[in-house]
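Reading the structure
Residue-level listing of the chains:
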Amino acid sequence: MFIFPLYAVLVWYGCFKWRRRFLGVASLVAGLGGVLLLGWVDVQVSRWLTSEFPMPGFLLLLAGEGGIMLLVGSYLVALPRERVRVPCRGCRYELDGLEHANPTCPECGLAHAASKPRRVRCRRCGDVEVSPTTLCARCAAPEPAMLAE
């Protein structure tokens, strides 16, 4: 009995791998064709051996297999193919096309959403500064002695 789920997973793999393409639809149709062929073979063998229509149990099992394969396979074939080129680090929103190279995400509001900002060391004190300026905020501020002059 493990052959039926294994066969369905194989067909669904083809549907997902080639989604939104001809090969994905062909994989689904070929999978359903295999189920129909197995049902036809069962009917023909039963008629040849007993000259009667076979018991409906196996055919109902095949009908259920084909129906589930059709529903899940159709869903998988209809899934979008493209992936997000520049995703937000927080919510995976598409950031491609925004005017800044590392913008704030318009969906979740995360600053520097495309990639983490590069940490730079201050030229005077050596502290790590998050912004790409060369001086940290403490070194860039004027000293109190300079303000008195």
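An ideal rise of 1.5 Å per residue puts 33 Å on 23 residues; helix H3 (residues 56-78) measures up with 33 Å between its terminal C-alpha atoms. Residues of H3 that are buried: Leu62, Glu65, Gly66, Met69, Gly73, Leu76 and Val77. Considering only its buried residues, H3 is in contact with helix H1 (3-17) and helix H2 (22-50).

Predicted confidence across the chain gives a mean pLDDT of 83, with 78% of residues reaching 70 or more. Taken element by element, the chain is modelled with least confidence in helix H5 (residues 144-148), mean pLDDT 52, and with most confidence in H1, mean pLDDT 96.

With that out of the way, let us pick up a nonpolar patch on the surface. Together, Leu37, Trp40, Val41, Val45, Trp48 and Leu49 line one region of the surface with nonpolar side chains, adding up to about 710 Å² of accessible area. With respect to the helices and strands, valine 41 occurs in helix H2.

Think of an α-helix as turning once every 3.6 residues; residues three or four places apart then point the same way. Here H1 spans 21 Å end to end across 15 residues, near enough to the 21 Å set by a 1.5 Å rise per residue. Taken as a whole, H1 has its buried residues at Phe4, Ala8, Val11, Gly14 and Cys15. One side of H1 holds all its buried residues, which, seen down the axis, span an arc of 120°. The outward face of H1, more than 90 degrees from its buried face, is lined by the exposed residues Ile3, Leu6, Leu10 and Tyr13. Structurally, H1 contributes buried residues whose contacts are with H2 and H3.

Attention now moves to the environment of lysine 17. Tracing the chain through its elements places lysine 17 in helix H1. Taking the C-alpha atoms as reference, lysine 17 lies 9.1 Å from arginine 81; in sequence the two are 64 residues apart.

About the thresholds
- Residues numbered from 1 in each chain as written.
- Predicted model: local features only at pLDDT ≥ 70, side-chain atom pairs only at ≥ 80, totals over all residues.
- Heavy atoms only, no water.
- Helix = DSSP H or I, 4+ residues; strand = E, 2+ residues; numbered from the N terminus.
- Expected span 1.5 Å × (residues − 1).
- Buried < 20%, exposed > 50% of the residue type's maximum accessible area, 1.4 Å probe, protein only.
- Contact = heavy atoms within 4.5 Å.
- pLDDT = per-residue confidence, 0-100.
- Patch = residues over 30% accessible without salt bridge, like charges linked within 9 Å, V, L, I, M, F, W, Y side chains within 5 Å.
- Areas by Shrake-Rupley, 256 points an atom, 1.4 Å probe, with all protein chains shown as cover.
- Salt bridge = Lys/Arg side-chain N within 4 Å of Asp/Glu carboxyl O.
- Arc of directions from axis to C-beta.

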